[in-house]
Amino acid sequence: MRRWCFPLVVVIGALGCEAPPPPAPYERATGIAEFMAWLLEPAADAIWDSAGQIITEGGVEDLAPTTEAGWDEVRNQAALVSELGNLLMMPHFAQDRPDWTEISRGMVQAGARVRRAAEARDAEALFEQGALLYQVCVSCHQIYWREARVQ
């Protein structure tokens, strides 16, 4: 009986110990302030600058793209917004914050809806989906925005 006790204790003990996780296969290239200012904000602005109308004394200016290249650019920026939402769910940004992750998922979905509107060349849907993307951004800013832009 003693012959089996020691190996059994070793096996049970080894099962109870967890090895540390391997290091991440990526390196963080920006902080959150740079990520937002250099990557996400320009992509979102490109979408918002391509949706809706501007009404002035001189008349109404439609902001929707008028060329295939213009629609393709909105599509590309929408895809970028979705992928940036995925990046925001990485541990170094999310930091075990469920609300952050949920908002980031909302960004992925909003970007996908904007992309579909651009692919359909639907100016009205682009405006509506751009507004929903804005709401996702605002929901995050209400919780995480820092005047110093440092986290």
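Look above for the structure.
Let me sum up the structure you'll find in this document. (Residues numbered from 1 in each chain as written. Predicted model: local features only at pLDDT ≥ 70, side-chain atom pairs only at ≥ 80, totals over all residues. Heavy atoms only, no water.)

### Description of the side chain of Gln-129
Then comes step 1: Along the chain, Gln-129 turns up in helix H6 (residues 123-144).
Then comes step 2: For Gln-129, a relative accessible area of 16% corresponds to the buried category.
Then comes step 3: Here Arg-113 takes part through its side chain, which lies 2.8 Å from a polar atom of the side chain of Gln-129.
Then comes step 4: Beyond its immediate sequence surroundings of up to four residues, Gln-129 is in contact with Arg-113 and Val-114. (Helix = DSSP H or I, 4+ residues; strand = E, 2+ residues; numbered from the N terminus. Buried < 20%, exposed > 50% of the residue type's maximum accessible area, 1.4 Å probe, protein only. Polar contact = N/O pair within 3.5 Å; in protein donor to acceptor, adjacent residues only side chain to side chain. Contact = heavy atoms within 4.5 Å.)

### A few points about the packing of helix H2 (residues 32-48) against H6
Then comes step 1: One can describe the packing of H2 onto H6 by two numbers: an axis separation of 9 Å at closest approach and a directional angle of 150°. In terms of orientation, H2 lies roughly antiparallel with respect to H6. For the crossing formed where H2 meets H6, the hand is left-handed. Contact residues: Ala-44, Ile-47 and Trp-48 in H2; Leu-126, Gly-130, Leu-133, Tyr-134 and Cys-137 in H6.
Then comes step 2: The class makeup of the residues in the contact of H2 with H6 is seven nonpolar, one polar and no charged. (Axes fitted to C-alpha atoms, helices over the stretch in contact; angles between N-to-C directions. Parallel < 35°, antiparallel > 145°, perpendicular 65-115°, else oblique. Left-handed = near helix turned anticlockwise from the far one by under 90°. Nonpolar A, V, L, I, M, F, W, Y, C, P; charged D, E, K, R; others polar.)

### Quick word on the nonpolar core
Then comes step 1: Residues Leu-88, Trp-100 and Leu-126 are the most contacted members of the largest nonpolar core, which totals 31 residues.
Then comes step 2: Mapped onto this core, the elements with two or more residues apiece are H2, helix H3 (68-88), helix H4 (91-94), helix H5 (98-119) and H6.
Then comes step 3: Apart from the residues lying within four places of it in its own chain, the contact partners of Leu-88 are Ile-32, Phe-35, Met-36, Leu-40, Phe-93, Ala-94, Trp-100, Ser-104 and Met-107. (Core = buried A, V, L, I, M, F, W, Y, C linked by side-chain atoms within 4.5 Å.)

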